[in-house]
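So you can see what is in the structure, the chains are spelled out below.
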Amino acid sequence: MVNKQSKTVLVTGGAGYIGSELVRVLLQDDFRVVVFDNLSFGGESLLSFWGNPAFTFIKGDLRHDDDVRNALQGVDYVCHLAAIVGEPPCKKYPELALEVNWHASVRLYELCEEAGIERFVFASTCSNYGKMAVADALLDETAELNPISLYSETKVNFEKYLLSQENSTITRTILRFSTVYGISPRPRFDLTVNEFTRDAALGKPLLIYGENFWRPYCHVSDLARSVKMALTADAGKVNGEAFNVGDTGQNYTKKMLAAEIGKAIPSLEVNYHPVVTDPRDYKVNCDKIKNVLGFEISKTVPNGITEIASLFREQVISEPMSARYGNV
Ligand SMILES: NC(=O)c1ccc[n+]([C@@H]2O[C@H](COP(=O)([O-])OP(=O)(O)OC[C@H]3O[C@@H](n4cnc5c(N)ncnc54)[C@H](O)[C@@H]3O)[C@@H](O)[C@H]2O)c1
């Protein structure tokens with residue numbers, strides 16, 4: 001185990017949905033944290049860290065070498081979360097997605113080598129599995145990756161690049177996150193559990209496409225903990241390894257999600273649409289991270305639904321439909 005008190009962690013994309021929760025978890029565990037972000041969605045998520053002597057913010061763009069070099073000074077570990085996240089923004093801004101998710105990510109790694117970084121954790125995605133070849137099969141880390149969008153193509157390519165760096169001195173770890181839910185300092189309500197629950201809590205009927213398609217889900221605070229665990233594990237356990245992050249018991253179809261939401265919000269009205277707008281359909285086995293790192297989730301999808309429903313029931317969010325809670 002590493003002596004974490006002496007380590008400084010750079011979080012790229014640290015102002016984002018998962019990044020801002022990761023910053024909270026790392027600071028709580030006595031790491032020094034540097035956030036590097038171009039604030040595409042603003043920087044309010046960082047306000048509660050402001051003034052903490054263990055926290056530094058550097059505004060910069062991953063595509064600019066000088067910004068990245070500056071951010072890497074005095075850093076030991078890098079958690080790379082900055083990206084154009086999700087298929088809708090990647091489809092809308094394909095060149096930007098390629099630049100950030102692929103070219104600038106490779107360049108970041110090269111600059112990490114130059115800077116003598118010890119560990120590099122990459123936020124990848126279970127979307128890389130695309131569509132199960134065999135219905136209902138549980139996909140583990142050895143399953144073939146089948147990217148069916150530009151977003152996951154860029155993620156798969158960067159995973160392959162990282163795995164190919166066999167002579168690197170950096171301990172490299174790939175975390176394939178499940179689809180995230182729950183509240184963080186930068187909430188997003190464009191992700192399935194959060195969006196469905198928000199709409200249901202606001203009394204809107206749900207219109208669901210592809211109701212029988214599977215996905216794994218994981219709470220944002222558990223994902224943040226998984227990153228910390230990857231950073232602090234013995235290097236031999238995580239170097240050159242990919243881990244699905246979540247829990248094997250947390251695979252749901254959208255129909256199952258609607259049923260769970262209906263338990264919390266009995267007035268829910270659900271309509272199903274026969275058109276499939278998103279062909280991704282995958283059930284994931286997350287036993288490796290449990291067995292190798294001892295990672296256990298602390299929250300389940302029903303817990304997340306309760307969390308989001310109460311947020312709207314108590315009218316904590318003043319403009320729930322605002323574009324600021326999305327990524328496009
Ligand atoms: N949200 C999910 O369900 C999910 C699932 C699997 C994997 N992931 C991965 O986790 C990571 C974080 O996702 P998120 O949901 O927190 O997304 P997010 O969009 O909330 O955060 C991304 C952050 O990156 C920053 N950023 C974007 N381009 C940048 C650039 N050129 N330079 C500097 N900063 C830049 C943005 O300003 C933003 O703060 C991403 O790599 C994403 O692919 C997310």
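Within each chain, residue numbers correspond to sequence positions counted from 1 in written order. Thresholds applied to this predicted model are a pLDDT of at least 70 for local features of residues and 80 or more for the giving and counting of side-chain atom pairs; totals over whole chains, interfaces and linings are not thresholded and use all residues. Computation of side-chain values covers all heavy atoms of the structure but excludes hydrogens and water.

**Thoughts on the pattern of salt bridges**
Pairs may arise between side chains of opposite charge once their charged atoms sit close together.
Item 1. The rule for a salt bridge is simple: a side-chain nitrogen of Lys or Arg has to be within 4 Å of a carboxyl oxygen of Asp or Glu. Enumeration according to the criterion identifies 19 salt bridges in this entry.
Item 2. Across the pair E21 and R24 runs a salt bridge, and its minimum N-O distance is 2.7 Å. Linking E21 with R24, this pair stays in helix α1 (residues 17–28), spanning three residues, or about one helical turn.
Item 3. The residue E319 makes a salt bridge to R324 at a minimum N-O spacing of 3.8 Å.
Item 4. One network of salt bridges, in which partners are shared, links D61, R63 and E99. Helix and strand assignments come from DSSP, with helices taken as H or I runs of at least 4 residues and strands as E runs of at least 2, each series counted from the N terminus.

**Re the site of the ligand**
Item 1. Proximity is defined per residue: any heavy atom of the residue falling within 4 Å of a molecule or strand makes that residue near it. Around the ligand sit 31 residues, and of these D37, Y151, K155, R186 and R188 come closest.
Item 2. In the analysis that follows, any N or O atom pair within 3.5 Å is treated as a polar contact, provided that within protein one partner can donate a hydrogen and the other can accept it, and provided that, for residues neighboring in sequence, both atoms belong to side chains. Between an oxygen atom of the ligand and a main-chain N or O atom of G16, the distance comes to 3.3 Å.
Item 3. Reported accessibility uses the Shrake-Rupley method at a 1.4 Å probe radius. Residues are deemed covered only where the shown protein chains occlude them. Burial of the ligand by the protein amounts to 98% of the accessible area it has alone, namely 830 Å².
Item 4. At the level of secondary structure, the elements contributing two or more residues to the shell around the ligand comprise α1, β5 (119–125), α5 (150–164) and β8 (179–181).
Item 5. For the shell around the ligand, the element with the highest residue contribution is β5, accounting for three residues.
Item 6. Boundaries of every domain are those given by an automatic assignment or by a domain database. Three or more residues apiece are contributed to the shell around the ligand by two domains, here domain 1 (4–180 + 218–245) and domain 2 (182–216 + 248–283 + 298–325).

**Some words on the sheet that holds strand β4 (residues 77–80)**
Item 1. Strand order in the open sheet formed by seven strands is β3-β2-β1-β4-β5-β7-β11, with parallel pairing between adjacent strands. Among the strands making up the open sheet, the edge pair consists of β3 (55–59) and β11 (241–245). With direction set aside, neighbouring strand axes in the sheet form an average angle of 20°.
Item 2. Where helix α4 (residues 94–115) meets the sheet, it contacts β1 (8–12), β4, β5 and β7 (171–177), and its direction lies at approximately 175° from that of β4.
Item 3. Residue contacts are defined here by distance: any two heavy atoms, one from each residue, within 4.5 Å place the two residues in contact. With axes taken as lines fitted to C-alpha atoms, and helix axes fitted only over the stretch in contact, angles between N-to-C directions fall between 0 and 180 degrees. Packing against the sheet, helix α7 (residues 220–232) makes contact with β1, β4, β5, β7 and β11, and its axis sits at approximately 160° to β7. We call two strands paired when DSSP finds no fewer than two bridges between them.

**Section: the sheet that holds strand β12 (residues 251–253)**
Item 1. Reading across from one edge, β8-β10-β12 is the order of the three strands in this open sheet, with mixed pairing throughout. Looking at which strands have only one partner, the edges of the open sheet turn out to be β8 and β12. Neighbouring strand axes in the sheet, compared pairwise and without regard to direction, differ in orientation by 50° on average.
Item 2. Pairing of β8 with strand β10 (residues 214–219) involves three bridges; the strand directions are parallel. Along β10, the bridge assignment pairs V180 with C218.
Item 3. The sheet contacts of α7 involve β8 and β10, and relative to β10 the element is tilted by about 75°.

**Re the packing of aromatic side chains**
The relation between two aromatic rings is expressed through the spacing of the ring centres and the mutual angle of the planes.
Item 1. Only Phe, Tyr and Trp rings take part, Trp by its six-membered ring, and two of them pair if their centres are within 6.5 Å. Stacked means planes under 30 degrees apart, edge-to-face means over 60, and tilted covers everything else. Scanning all chains against the criterion turns up 12 aromatic pairs.
Item 2. A centroid spacing of 6.4 Å and a plane angle of 90° characterise the contact between W102 and Y161, whose relative ring orientation is edge-to-face. Within this pair, whereas W102 is found in helix α4, its partner Y161 is found in helix α5, the two being separated by 59 residues in sequence.
Item 3. Accessibility here uses a 1.4 Å probe with only protein chains present; expressed as a share of the type maximum, an area under 20% marks a residue as buried, one over 50% as exposed, and anything in between as partly exposed. Since its relative accessible area comes to 24%, W102 is described here as partly exposed.

**Observations regarding the domain arrangement of the chain**
Item 1. If you check the domain split of the chain, you get domain 1 (4–180 + 218–245) and domain 2 (182–216 + 248–283 + 298–325).
Item 2. Here the C-alpha centroids of domain 1 and domain 2 sit 25 Å apart.
Item 3. Together domain 1 and domain 2 conceal approximately 2,300 Å² of surface at their shared face, both sides included; 55% is due to carbon and sulfur atoms.
Item 4. The term buried area denotes the loss of accessible surface (1.4 Å probe radius) that occurs when two parts are joined, taken as the sum for both partners. Interface area lost by domain 1 to domain 2 is led by Y17, T179 and H219, which between them contribute 28%.
Item 5. Linking domain 1 to domain 2 there are one salt bridge.
Item 6. Linking K131 and D281 is a salt bridge whose minimum nitrogen-to-oxygen distance equals 3.8 Å.

**Considering the packing of α1 against α7**
Helix-helix packing: each pair is described by the crossing angle between the helix axes and the interaxial distance.
Item 1. Between α1 and α7, the least distance of the axes is 8 Å, while the angle of their chain directions is 60°. Classified by the interaxial angle, the pair formed by α1 and α7 is oblique. The hand of the α1/α7 crossing is right-handed. Seen from α1, the contacting residues are Y17, I18, E21, L22, V25 and L26; seen from α7, they are V220, S221, L223, A224, V227, K228 and L231.
Item 2. Gly counts as polar in this scheme, as do all residues outside two lists: the nonpolar Ala, Val, Leu, Ile, Met, Phe, Trp, Tyr, Cys and Pro, and the charged Asp, Glu, Lys and Arg. Considering only residue class, the contact of α1 with α7 consists of 10 nonpolar, one polar and two charged. With respect to orientation, any angle under 35 degrees is reported as roughly parallel, any angle over 145 as roughly antiparallel, any angle of 65 to 115 as roughly perpendicular, and every other angle as oblique. Crossing handedness: left-handed means the near helix sits turned counterclockwise from the far one by under a right angle, and right-handed means the same turn made clockwise.

**Observations concerning helix α11 (residues 301–313)**
Helical periodicity: at 3.6 residues per turn, an α-helix aligns residues three or four positions apart in one direction.
Item 1. The terminal C-alpha atoms of α11 lie 18 Å apart, and with 13 residues this matches the ideal 18 Å at 1.5 Å per residue to within 8%.
Item 2. Looking at the buried side of α11, the elements it contacts are β8, α6 (192–201), β10, β12 and α9 (254–264).
Item 3. The first or second residue beyond α11 is Q315, which carries a positive phi of 55°. Multiplying 1.5 Å by the helix residue count minus one yields the expected span of that helix.

**Some remarks on the UniProt feature "domain: NAD-dependent epimerase/dehydratase" (unreviewed entry) in the chain**
Item 1. UniProt positions are given in the numbering used here, feature names are shortened, and annotations may be inferred rather than shown by experiment. UniProt tags residues 9–246 as "domain: NAD-dependent epimerase/dehydratase" (unreviewed entry).
Item 2. In this annotation, residues 9–246 is assigned 38% helix and 22% strand; the end-to-end C-alpha distance for the span is 23 Å.

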